[in-house]
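Spelled out, the chains give:
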Amino acid sequence: MRVRTQVAIIGAGPAGLMLSHLLHRHGIESVVLECRSREEIEGTIRAGVLEFGTTRLMTALDLGARMEREGHVHDGIELRVNGRRFKVDFQELVGKTITVYAQHEVIKDLVAARMAQGGPILFEVADVALHDVDSHHPRVTCRVAGSDEVYELECDFIAGCDGYHGPSRQHIPASARNEYHKVYPYGWLGILAEAPPSSPILIYSHHAGGFALVSTRSPEIQRLYLQVDRDEDIRNWSDDRIWTELHRRTAADGWRLIDGPIIQKSIVGMRSFVCDPMQYGRLFLAGDAAHIVPPTGAKGLNLAVGDVQVLARGIVAYYREGRTDLLASYSATCLDRVWRAERFSWYMTMMLHRHPNQAEFDYRIQLAELAHVMHSRHAAAALAECYTDLSTEPLESVL
Ligand code: APR
Ligand code: PHB
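For clarity, every value in this text was computed on a predicted model and none was experimentally measured.

**Focus: the overall build of the protein chain**
- The number of helices and strands found in the protein chain is twelve helices and 21 strands.
- For 399 residues, the compact-globule estimate of 2.2 N^0.38 gives 21 Å, and the C-alpha radius of gyration of the protein chain, at 21 Å, lies within 12% of that figure.
- Over its C-alpha atoms, taken along the principal directions, the protein chain stretches across nearly 65 × 45 × 40 Å.
- In the protein chain, which comprises 399 residues, the share counted as buried stands at 55%.
- Long-range contacts, defined here as pairs at least 24 residues apart, represent 73% of the contacts in the protein chain between residues at least 6 apart.

Now the structure itself:
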């Protein structure tokens, strides 16, 4: 079957779905091709911090109703260092807040709204392949669920929103592509627990035994993380061991972590990655397909949303005014923000984790880095500015 659209979008993560919404708003057609099922993408547990600009965009696109009801607005984060507590007060320092609302809830809202508009989002497609990306007539082929027939999508542009492992990035020839990698020697063991919130804001705890993070999901479910070795086996972590370690690493006078039954647990490794450029011919990479950040800076989803704002703006200018300059500068525009997010995520990661075989000198410097944030209003404000909003596109530019 041969189908024609303006923009073929590979991947129904935050990048692909948000792009389809932004284009629809400007009357531009797209088809989203997703290899997993709707249930799977709506059930995968990921992070959950939305920057100031991301929440404003959701609201402006009429996608924010449930986020406004069920998400939690936080006016800061707490840094905890061996039991000592310090609030980085975002509202007071930079006049902004963040919203804690799980990524899979964002996915549910974006999918439902897009389906209500008629989509199309094709789930469970197989053998997705990109063709002629450096011509004016790129194509994507795949097999649609339940059919052996090849589905061929002719388009003007391909948006590669297919995550780190997707096929899109490989279509930028290796000779035209630089990849920058950093792998950290630790991972995060993340749990969901049936318990009420222990804190009204997130707690990032530096501890001699390793980093811990207290986050939240709902009045009944909490999200917590522990630094573990990168190749740690989850089977070594009984529920008892997890709670003992969480209590130890977050302990502070006058505060107590509320525990409860653990309903989900997994370990993810931590890495930083950037692909430069993010564009080749008529192929544009967005989100995790082009860059990965360690979760300590809570930037992953926001970076994906930032990319597709730039891309949508370029595509709209192309169809409306025949302009190609914004598309030509897509990669450079995004990479400026991406590297600043990489820097911030690296900074938070390096400041908060215990590094294996860390020299005593480096450990003291790490404590001084944290003390600097606690003592200097300027340092705290710099952290607050990066944490709450690294977006560069004015909201009006995509509405
Ligand atoms: N064909 C079709 N779809 C694919 C293919 C393929 N060959 N390979 C991957 N995909 C889909 C995945 O199943 C996934 O649903 O692409 C989607 C990519 O979504 P995400 O991984 O969520 O990436 P992105 O939209 O860039 O959002 C980045 O997700 O991983 C988190 O921390 C990250 O918060 C960040 C956000
Ligand atoms: C989360 O709630 O999953 C979360 C919060 C903050 C982070 C990372 C993850 O830095």
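Now that the structure has been shown, the text picks up again.
**So, the site of ligand 2**
- If you check the shell around ligand 2, you find 14 residues, and the closest are Tyr204, Ser215, Arg217, Tyr225 and Pro295.
- With respect to ligand 2, the side chain of tyrosine 204 contributes an N or O atom lying 2.7 Å from an oxygen atom.
- Between an oxygen atom of ligand 2 and a side-chain N or O atom of serine 215, the distance comes to 2.6 Å.
- Mapped by element, the contributors of at least two residues to the shell around ligand 2 are β15 (202-206), β16 (212-216) and β17 (221-229).
- Here the shell around ligand 2 is composed, by residue class, of nine nonpolar, three polar and two charged.

**A short note on the sheet that holds strand β8 (residues 98-100)**
- Strand order in this open sheet of three strands is β4-β8-β5, and the pairing throughout is antiparallel. Each edge of the sheet is formed by a strand with only one pairing partner; in this case those strands are β4 (49-50) and β5 (72-74).

**As for the packing of helix α1 (residues 14-25) against helix α8 (residues 300-321)**
- Contact geometry for α1 and α8: axes closest at 9 Å, N-to-C directions at 35 degrees. At the point where α1 passes α8, the crossing takes the right-handed sense. Contacts from Pro14, Ala15, Met18, Leu19, Leu22 and Leu23 of α1 reach α8 at Leu301, Ala304, Val305, Val308, Gln309, Leu311, Ala312 and Ile315.

**So, the site of ligand 1**
- In the vicinity of ligand 1, 24 residues are found, and the nearest of them are Glu34, Arg36, Gln103, Asp288 and Leu301.
- Contact between ligand 1 and proline 14: an oxygen atom at 3.2 Å from a main-chain N or O atom of the residue.
- One of the backbone nitrogen or oxygen atoms of alanine 15 is found 3.0 Å away from an oxygen atom of ligand 1.
- When isolated, ligand 1 has an accessible area of 700 Å², and the protein chains bury 85% of it.
- When residues of the shell around ligand 1 are traced back to their parent elements, those giving at least two are α1 and α8.
- By residue number, the principal contributor to the shell around ligand 1 is α8, which donates three residues.
- When its residues are assigned to classes, the shell around ligand 1 shows twelve nonpolar, seven polar and five charged.

Conventions adopted
- Residues numbered from 1 in each chain as written.
- Chains lettered and ligands numbered in written order.
- Predicted model: local features only at pLDDT ≥ 70, side-chain atom pairs only at ≥ 80, totals over all residues.
- Heavy atoms only, no water.
- Helix = DSSP H or I, 4+ residues; strand = E, 2+ residues; numbered from the N terminus.
- Rg over C-alpha atoms; globule rule 2.2 N^0.38 Å.
- Buried < 20%, exposed > 50% of the residue type's maximum accessible area, 1.4 Å probe, protein only.
- Contact = heavy atoms within 4.5 Å.
- Near = heavy atom within 4 Å.
- Polar contact = N/O pair within 3.5 Å; in protein donor to acceptor, adjacent residues only side chain to side chain.
- Nonpolar A, V, L, I, M, F, W, Y, C, P; charged D, E, K, R; others polar.
- Pairing = 2+ DSSP bridges.
- Axes fitted to C-alpha atoms, helices over the stretch in contact; angles between N-to-C directions.
- Left-handed = near helix turned anticlockwise from the far one by under 90°.
- Areas by Shrake-Rupley, 256 points an atom, 1.4 Å probe, with all protein chains shown as cover.

Note that all results are geometric; they support no functional claim without further evidence.
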